[in-house]
Amino acid sequence: MIDVVTGITEQAQGRRTFVVTGGNSGLGFECASVLAQDSSNVVVVACRDVRQGEQAVARMKGVHDNVTVLPLDLADQGSIRRFVDTCRDRHFPPLAGLVCNAGGQNVAVPTKTRDGYETTFAVNHLGHYLLTRLMLPDLAADAQITFTSSGTHDPAQRTGMPEPRYTTAQALAHDFEPGMQAGQRRYTTSKLCNIYTSYEYTRRLAALAEPRLHSLRVNAFDPGLMPATALARTYSAPLRFISRYILPLLALFMKNIHSPATSGRRLALLASGSEGPTTGKYFSNGHETRSSVASYDTRNALDLWETSAEMTGIPSNL
Ligand SMILES: NC(=O)c1ccc[n+]([C@@H]2O[C@H](COP(=O)([O-])OP(=O)(O)OC[C@H]3O[C@@H](n4cnc5c(N)ncnc54)[C@H](OP(=O)(O)O)[C@@H]3O)[C@@H](O)[C@H]2O)c1
């Protein structure tokens, strides 16, 4: 885009755009706030309730006329497509980062999206899969896609959450088993799906000859336990009380427990390329590390990729 006053392109001015899903709350809010501190960044807060998004932006410190709120419901593929169209219509500066952060953990009655898929799988994984696939043509060279995963995907971390169980993507998309344990397992499995998707993207992009696509970077990020966010909203009142007020006291004794502000800053650094030209990596507790043994299973990653392409109606090949 050319600035009509100066005649200088946005790229030459160093302006760039970041999209943060779930930028209205918790980790996403903190990440968007940090990105917005740099006035050369345009930050798109993508959230399902625009009014809540605007109220959140008003709470950001400093000037934030470089922040735009746009509607996005990851449980609705139509909404995701409309979001992408709106971004294109708005002619934002080059897209430098897509932060796939929104997510939910439903331990109440399992629900189905209007597209017919189990909601945790649909929002945490499938919606972001479709969003990133649709936005690939819009990403600038060297842009970053960052998936917010979770240490709970890794049984070796002993987080107290049930071990993920990847069967097939078809089975996950239609798993409506009731109960808290099943709901928690769907969550940890969806966070494993985020890592499969990151690694599968990396393999596929590396095989492409087109320089822009080849240059894209895709990483997964574990923010650690952040008891202060709204993630536990479907838990019972006593469990929400423990999560909000007791768990933070353990911060002194536990190694991967952080405030949303600390993890949001780390996510913003990774998503804006400040960690260097890394791709296909997993970041936890502030540094690059190995993800779970299961997360390197390329057969599951392939099944997830191909089934997700079918479920979203887009070609499997990039
Ligand atoms: N909190 C933790 O301890 C922890 C640990 C590891 C990983 N994580 C991950 O961190 C990410 C952010 O979670 P958080 O802890 O910051 O919780 P949060 O405050 O509840 O934020 C979740 C965000 O996701 C959005 N969201 C949920 N469903 C959506 C949908 N259908 N469409 C669009 N947006 C949707 C929420 O929007 P609404 O406000 O409209 O509901 C909210 O903005 C998640 O991916 C989570 O898995 C959290």
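Residues numbered from 1 in each chain as written. Predicted model: local features only at pLDDT ≥ 70, side-chain atom pairs only at ≥ 80, totals over all residues. Heavy atoms only, no water.

Here the focus is the site of the ligand. Taken together, 28 residues are adjacent to the ligand, and Asn24, Ser25, Tyr187, Thr229 and Arg233 come closest. Contacts to the ligand include Tyr187, whose side-chain N or O atom sits 2.6 Å from an oxygen atom. One nitrogen or oxygen atom from the main chain of Ala230 is found 3.3 Å from an oxygen atom belonging to the ligand. Against a free-state accessible area of 890 Å², the protein chains account for coverage of 94% of the ligand. (Near = heavy atom within 4 Å. Polar contact = N/O pair within 3.5 Å; in protein donor to acceptor, adjacent residues only side chain to side chain. Areas by Shrake-Rupley, 256 points an atom, 1.4 Å probe, with all protein chains shown as cover.)

Moving on, we get to empty space enclosed by the protein. Using the criterion set out here, one finds one cavity of 30 Å³ or more in the structure. Considered as a void within the structure, the largest cavity measures approximately 30 Å³ in volume. In terms of lining, the largest cavity is formed by Leu74, Ala75, Gln77, Thr113, Asp115, Tyr117, Ala122, Leu126 and Gly127. At three residues, helix α5 (residues 119-135) tops the list of elements feeding residues into the lining of the largest cavity. Residue classes in the lining of the largest cavity are distributed as five nonpolar, three polar and one charged. (1 Å grid on protein atoms, 1.4 Å probe; cavity = no way out; pocket = protein on both sides within 12 Å on 5 of 7 lines; lining within 4 Å. Points joined across faces, edges and corners; volume = space filled by probe spheres on them. Helix = DSSP H or I, 4+ residues; strand = E, 2+ residues; numbered from the N terminus. Nonpolar A, V, L, I, M, F, W, Y, C, P; charged D, E, K, R; others polar.)

For the pair α5 and helix α11 (residues 298-312), interaxial distance at closest approach is 10 Å and the crossing angle is 80 degrees. Compared by their axis directions, α5 and α11 come out roughly perpendicular. Packed against α5, whose contacting residues are Phe121, His125, Leu126, Tyr129, Leu130 and Arg133, the element α11 presents Leu304, Trp305, Ser308, Ala309, Met311 and Thr312 at the interface. Looking at the contact of α5 with α11, its residues break down into eight nonpolar, three polar and one charged. (Axes fitted to C-alpha atoms, helices over the stretch in contact; angles between N-to-C directions. Parallel < 35°, antiparallel > 145°, perpendicular 65-115°, else oblique. Contact = heavy atoms within 4.5 Å.)

Bringing the pairing of strand β2 (residues 41-47) into the picture now. Buried residues dominate β2, accounting for seven of its seven residues. Summarising the sheet, strand β1 (residues 16-21) and β2 pair through six bridges and their orientation is parallel. Bridge assignment links Arg16 to a residue of β2, and that residue is Asn41. The β-α-β motif built from β1, the intervening helix α2 (residues 26-36) and the parallel element β2 has right-handed crossover chirality. Crossover connection from β2 via helix α3 (residues 50-58) to parallel strand β3 (residues 67-71): handedness right-handed. (Buried < 20%, exposed > 50% of the residue type's maximum accessible area, 1.4 Å probe, protein only. Pairing = 2+ DSSP bridges. Right-handed = clockwise from strand over helix to strand, strands pointing away.)

Glancing now at the packing of aromatic side chains. Summed over all chains, the structure comprises five aromatic pairs. Relative to Tyr196, the ring of Tyr166 has its centre 5.4 Å away and its plane inclined at 85 degrees; by these criteria the two rings are edge-to-face. One end of the pair, Tyr166, is in the loop between β5 (139-148) and α6 (169-173); the other, Tyr196, is in helix α7 (residues 180-206), and 30 residues separate them in sequence. Of the two residues examined, Tyr166 and Tyr196, each falls in the buried class. (Phe/Tyr/Trp six-rings, centres within 6.5 Å; stacked < 30°, edge-to-face > 60°.)

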